[in-house]
Structures are given as C-alpha cells and as structure tokens.
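What follows is each chain in one-letter form.
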Amino acid sequence: MNLIEVRVQEKNVDLIMSYQVENNLHSDADFGEEFIDQDPLSNEIDSLSV
C-alpha cells in the first residue's frame, strides 16, 4: 500500500491525498513523483513525505 499524506501545519491537520491498495509495484519515491506530476493540487504543497 502506498499513500500520500499532507500536513497542514497552520491548522494542525493531516490529509490523505492519494493512495494505492494494489500490490506495491514501484517505490514510495516513484509513487510520490507520480502524485506530483499528475495531481492538480500538488503545486499547493510545500513539502511531501511518502
């Protein structure tokens, strides 16, 4: 399972922005890069941990 979790520091909130429940076919770093390349909200995120 891969997931992208975003933390909003100002509001002390964590949000799961994307997830994959299939077999882990590629690395967490690759999953994060795909999120940044494909998600329209990725340009609003200051930092990303996967």
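Parameters at a glance
- Residues numbered from 1 in each chain as written.
- Predicted model: local features only at pLDDT ≥ 70, side-chain atom pairs only at ≥ 80, totals over all residues.
- Heavy atoms only, no water.
- Helix = DSSP H or I, 4+ residues; strand = E, 2+ residues; numbered from the N terminus.
- Salt bridge = Lys/Arg side-chain N within 4 Å of Asp/Glu carboxyl O.
- Polar contact = N/O pair within 3.5 Å; in protein donor to acceptor, adjacent residues only side chain to side chain.
- Buried < 20%, exposed > 50% of the residue type's maximum accessible area, 1.4 Å probe, protein only.
- Arc of directions from axis to C-beta.
- Patch = residues over 30% accessible without salt bridge, like charges linked within 9 Å, V, L, I, M, F, W, Y side chains within 5 Å.
- Areas by Shrake-Rupley, 256 points an atom, 1.4 Å probe, with all protein chains shown as cover.
- Lys, Arg positive; Asp, Glu negative; His and termini not counted.
- Charge placed at Lys NZ, Arg CZ, Asp CG, Glu CD.
- Pairing = 2+ DSSP bridges.

S.K.: Can you help me understand unusual backbone geometry in this one?
M.R.: Generally, phi is negative for residues other than glycine and the peptide bonds are trans, each holding for most cases. With a phi close to 55°, Asn-12 is a non-glycine residue in the positive phi region. Structurally, Asn-12 can be placed in the loop between strand E1 (2-8) and strand E2 (13-20).

S.K.: Looking at this model, I keep getting lost on the pattern of salt bridges. Mind explaining?
M.R.: As a working rule, side chains carrying opposite charge can pair if their charged atoms are close by. Going through the model one piece at a time under the given rule, you end up with one salt bridge. Measuring nitrogen to oxygen at the nearest pair gives 3.1 Å for the salt bridge that ties Arg-7 to Asp-14.

S.K.: I keep staring at the environment of Asp-39 and nothing clicks. Help me out?
M.R.: Mapped onto the fold, Asp-39 is located in the segment after helix H1 (28-38). Along the backbone, Asp-39 and Met-17 are 22 residues apart, and their C-alpha atoms lie at a distance of 9.1 Å. A distance of 2.8 Å separates a polar atom in the side chain of Asp-39 from the backbone nitrogen of Leu-41.

S.K.: How do you make sense of H1 when you look at a structure like this?
M.R.: Structurally, the α-helix is built with 3.6 residues per turn, so residues lying three or four positions apart point the same way. Every buried residue of H1 is listed here: Phe-31, Gly-32 and Phe-35. Along H1, the residues classed as buried sweep out an arc of 100° about the axis, all on the same side. Among the exposed residues of H1, those pointing more than 90 degrees away from its buried face are Asp-37 and Gln-38.

S.K.: Is there a simple way to think about the side chain of Ser-42 in this case?
M.R.: Relative to the helices and strands, Ser-42 is located in the segment after H1. Owing to a relative accessible area of 14%, Ser-42 belongs among the buried residues under this scheme. Looking at Ser-42, its side chain comes within polar contact range of the main-chain oxygen of Ile-36, at 2.9 Å. Among the polar contacts made by the side chain of Ser-42, one reaches the main-chain carbonyl oxygen of Asp-39 at a distance of 3.0 Å.

S.K.: Help me understand a negative patch on the surface in this model?
M.R.: Taken together, the side chains of Asp-30, Glu-33, Glu-34 and Asp-37 make up a negatively charged region of the molecular surface. Mapped onto the fold, Glu-34 is located in helix H1.

S.K.: What's the story with the pairing of E1 in this structure? I'm lost.
M.R.: Pairing analysis gives seven bridges linking E1 to E2, with the strands arranged antiparallel. Looking at the pairing, Val-6 lines up with Leu-15 of E2. Hairpin connection, E1 to E2: the antiparallel pair is bridged by four residues, and Asn-12 has positive phi, about 55°.

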